[in-house]
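Structure at a glance
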Amino acid sequence: MTNPTESKAQRVERLKREQNPWEGIEQIRRFAREGFDSIPPEWVGTYLRWWGVYTQGDGLGVLGGKGGEGKALPYFMVRIRIPGGQLYSHQLRTIAGITERYARGTADITVRQNIQLHWVTIQDLPAVLEALWKCGLNTMGACGDVTRNITGCPVAGVDAHEIFDASGLLQEANRLFVGNSEFVNLPRKFKICISGCPVWCEYPEINDIGLTAIRRKTRGDWETGFSLRVGGGLSTDPHLAVRLNAFVKQHQVLPALKGVAQIFRDSENLRENRERARLKFLFLKHGWTAETFQRELEQRIGFKLDPAADEQAPADVYRDHVGIHQQRQPEYSYVGAAVLRGRISAEQLRSAADLSDKYAGGDIRFTNMQNLVIVNVPNPSTHALADELASISLPVAGSSFFRGIVACSGSEYCKLAITETKNFSRWLVEELEERLPGFEQHLRLHVTGCPNSCGQHWIADLGLEGKKIKVDGRMRDAYYFCVGGAVGLHQSIARPVGYRCLASDVPDAIERLLGRYLDERLPGENLRKFFSRHSNDELRERLAGELVAVVARDVPQGRVPAGMES
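First, a word on what this report is: a plain description of the structure on this page. (Residues numbered from 1 in each chain as written. Predicted model: local features only at pLDDT ≥ 70, side-chain atom pairs only at ≥ 80, totals over all residues. Heavy atoms only, no water.)

All right, on to the layout of surface pockets then. Within this model, the second largest pocket holds a volume of roughly 300 Å³. Taken together, 15 residues make up the lining of the second largest pocket; nearest its centre are Pro83, Gln86, Gln91, Gly136 and Gln171. Of all the elements in the fold, those that place two or more residues in the lining of the second largest pocket are β3 (86-88), α6 (167-177) and β14 (363-366). Grouping the amino acids of the lining of the second largest pocket by side-chain chemistry returns five nonpolar, six polar and four charged. (1 Å grid on protein atoms, 1.4 Å probe; cavity = no way out; pocket = protein on both sides within 12 Å on 5 of 7 lines; lining within 4 Å. Points joined across faces, edges and corners; volume = space filled by probe spheres on them. Helix = DSSP H or I, 4+ residues; strand = E, 2+ residues; numbered from the N terminus. Nonpolar A, V, L, I, M, F, W, Y, C, P; charged D, E, K, R; others polar.)

As structure tokens, then:
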């Protein structure tokens, strides 16, 4: 029974103590037999999330409800966990079939290499779960206060420049956490990436744990281990991960992961406020440092970690793996296709599976920039594959805008969103391609429908954060501009520059800004450097076309709670 004096955090913590949701599959089957109205509130609002499931919004977003959350429909979002973004053609065909039969034919690739479905009913949920289990996939831990999908480089094992193929360790880590009752009740979501990618495509800077492969020379021999970062995250309080003074050997990876997860699990002060329940708040609010964290970690794991080795953080490299690229296996290449704002149809999923069988070995990968890659393509077949991908609207040579756009779910489905994002992003790309043909600079253009930054606008060159503006008595979609986010060697949170405009005016603003960049850039100057040498006032003037007053990043009434980031 709900206690009226409980805070939201207290209620959730009580519910998590009372039941392990992963032990509730028979309850889910009973709900399916008895219908949506039979589902108790604790399952609708809490326990189902441990199964990668939460209710779908009514299309109005947060403003359609009250208390910081919009109204829910009797339908569910179902997120499929795909560790490292790696799957086989038969699994993709299963997903295509589920999408077609139960999700109205449309799916989304998320920024954590998941597939996200909508319109799933409780009656169909057991059939969806069982179809996934049969092909070796599941939804466990894709949402909830647990370890989310563990991300990695989508071209692990084939990248010609890879430092180390971390796929095996990633899968071991996935087995360690998924279904493990020891980690079924964390304070909030917990995000891990493990990779040997030299361009850090998995974004270790914004994960709770980021492990990136690194080499050191010891007694004349080279050894591969990992750098360790902790406490990264975005949402309303962005924080770039802290690098520990540690060289993590390969056999130490799982103990280190477990130790950090235990620190997070046992931090009772993080359970007092749902909005401040992420690992990063040990650094932001509770006075922890890299040194204190490492001391605690080494106590947990029972051994000292070697000092960190020198690393080369990637400088101004693009991380999307789109295009045709030579693999480390000389006879083969991988072919990366851009999926516009991550939205993909059942037909495209099925066709991609067929093409991976026709031209390669049936091995498909999803990326953190919401794209897909087919690996192990014989070199003579790459252009034929690229042509066929383009014929199903999955171009291998998309424009900078087509490749660079990233978008969260938005108010179309999300109860926390302020603005619609997916259709807006498609329209925005079409407008920019027409207005700025031939623009070749790599551009991370991220659209997020609320302050939670599921669209990762804080690390984008141009980050658009959803807002509302009242025009003629009606609330209309608008966007606030954050500029100059960067990762890697020049990592930086994007700067709120004080400019906001209606969604319909966003293409004008970006055209003005990028036009001035093309006219004023110095020789060899990329967007990051251009933005960094201009003040917020100067960038705001270029966006607006004139010098305008600063607009604060306003938080809507009934502050949107930190919520369901992908």
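Moving on to the packing of aromatic side chains. Counted under the stated rule, the structure contains 18 aromatic pairs. Each ring, one from phenylalanine 31 and one from tryptophan 43, has its centre 5.6 Å from the other, and the planes form 70°; the classification is edge-to-face. In this pair, phenylalanine 31 sits in helix α2 (residues 25-34) while tryptophan 43 sits in helix α3 (residues 41-45), placing the two residues twelve residues apart along the sequence. For the pair formed by phenylalanine 31 and tryptophan 43, the shared burial category is buried. Site record: aromatic cluster; members linked through ring pairs are Phe401, Phe439, Tyr517, Phe530 and Phe531. Over the face of the ring belonging to phenylalanine 247 we find arginine 216, whose NZ or CZ atom lies 3.9 Å from the ring centre. (Phe/Tyr/Trp six-rings, centres within 6.5 Å; stacked < 30°, edge-to-face > 60°. Buried < 20%, exposed > 50% of the residue type's maximum accessible area, 1.4 Å probe, protein only. Lys NZ or Arg CZ within 6 Å of the ring centre and 35° of its normal.)

Turning next to unusual backbone geometry. The backbone of histidine 321 shows a phi angle near 60°, a positive value even though the residue is not glycine. Secondary-structure assignment places histidine 321 in the loop between α9 (290-301) and β11 (323-326). On the basis of relative accessible area, histidine 321 is assigned to the buried category, the value being 9%.

In terms of burial, strand β7 (residues 209-218) is a largely internal element, seven of the ten residues being buried. Strand direction decides the pairing type here: strand β6 (residues 192-195) and β7, joined by four bridges, are parallel. Note on β7: the bridge partner recorded for isoleucine 194 is leucine 211. The pairing of β7 with strand β8 (residues 221-230) spans ten bridges and is classified as antiparallel. What sits directly across from threonine 218, in β8, is aspartate 221. (Pairing = 2+ DSSP bridges.)

All right, on to the pattern of salt bridges then. Counted by the stated rule, this structure contains 46 salt bridges. Among the salt bridges present, the one from glutamate 182 reaches arginine 265, with a minimum N-O distance of 3.5 Å. Here glutamate 182 is found in the loop between α6 and β6, whereas its partner arginine 265 is found in helix α7 (residues 253-265), with 83 residues between them in sequence. Between glutamate 465 and lysine 467 there is a salt bridge whose closest N-O contact spans 2.7 Å. (Salt bridge = Lys/Arg side-chain N within 4 Å of Asp/Glu carboxyl O.)

Across the interface, helix α13 (residues 422-435) lies against helix α14 (residues 506-520) with an axial gap of 10 Å and an inter-helix angle of 40°. What the angle tells us is that α13 and α14 run oblique. At the point where α13 passes α14, the crossing takes the right-handed sense. Where α13 abuts α14, its residues Phe424, Trp427, Leu428, Glu431, Leu432 and Arg435 lie against Val506, Pro507, Asp508, Ile510 and Glu511. Looking at the contact of α13 with α14 residue by residue, the class counts come to seven nonpolar, no polar and four charged. (Axes fitted to C-alpha atoms, helices over the stretch in contact; angles between N-to-C directions. Parallel < 35°, antiparallel > 145°, perpendicular 65-115°, else oblique. Left-handed = near helix turned anticlockwise from the far one by under 90°. Contact = heavy atoms within 4.5 Å.)

Another aspect to go through is the sheet that holds strand β4 (residues 106-109). Reading across the sheet, the five strands line up as β1-β2-β5-β4-β13 and stay open at both edges, with antiparallel pairing between neighbours. What marks the edges here is a single partner per strand, and that holds for β1 (53-57) and β13 (343-345). Averaged over all adjacent pairs, the angle separating strand axes in this sheet is 35°, with direction ignored. Pairing of β1 with strand β2 (residues 72-80), which is carried by four bridges, proceeds in the antiparallel orientation. Looking at the pairing, threonine 55 lines up with phenylalanine 76 of β2. Across the sheet, helix α5 (residues 125-134) touches β1, β2 and β5 (115-120), and the angle it forms with β2 is around 5°.

Okay, the side chain of serine 227 next. Its place among the elements puts serine 227 in strand β8. Exposure remark for serine 227: the relative accessible area of 0% places this residue in the buried category. A polar atom in the side chain of serine 227 sits 2.9 Å from the side chain of arginine 243. Excluding its chain neighbours within four sequence positions, the residues that come into contact with serine 227 are Gly210, Leu211, Thr212, Ile214, Arg243, Ala246 and Glu311. (Polar contact = N/O pair within 3.5 Å; in protein donor to acceptor, adjacent residues only side chain to side chain.)

Right, let's talk about α13 for a bit. Over its 14 residues, α13 runs 20 Å from end to end, which matches the ideal 20 Å to within 8%, given 1.5 Å per residue. Taken together, the buried positions of α13 are occupied by Lys422, Phe424, Ser425, Leu428, Val429 and Leu432. Buried residues of α13, seen end-on, are gathered within an arc of 150° and therefore sit on one face of the element. (Expected span 1.5 Å × (residues − 1). Arc of directions from axis to C-beta.)

Turning our eyes to something else, we now look at the sheet that holds strand β19 (residues 474-483). The strand order β16-β17-β18-β19-β20 describes an open sheet built from five strands, whose pairing is mixed. Of all the strands in the sheet, just β16 (405-407) and β20 (495-502) have a single pairing partner and so form its edges. With direction set aside, neighbouring strand axes in the sheet form an average angle of 30°. Where α13 meets the sheet, it contacts β16, β17 (445-448), β18 (462-471) and β19, and its direction lies at approximately 165° from that of β16. Where helix α16 (residues 536-544) meets the sheet, its contacts fall on β19 and β20, and the angle it forms with β20 comes to roughly 20°.

Spatial relationships are all this shows, so hold off on functional conclusions.
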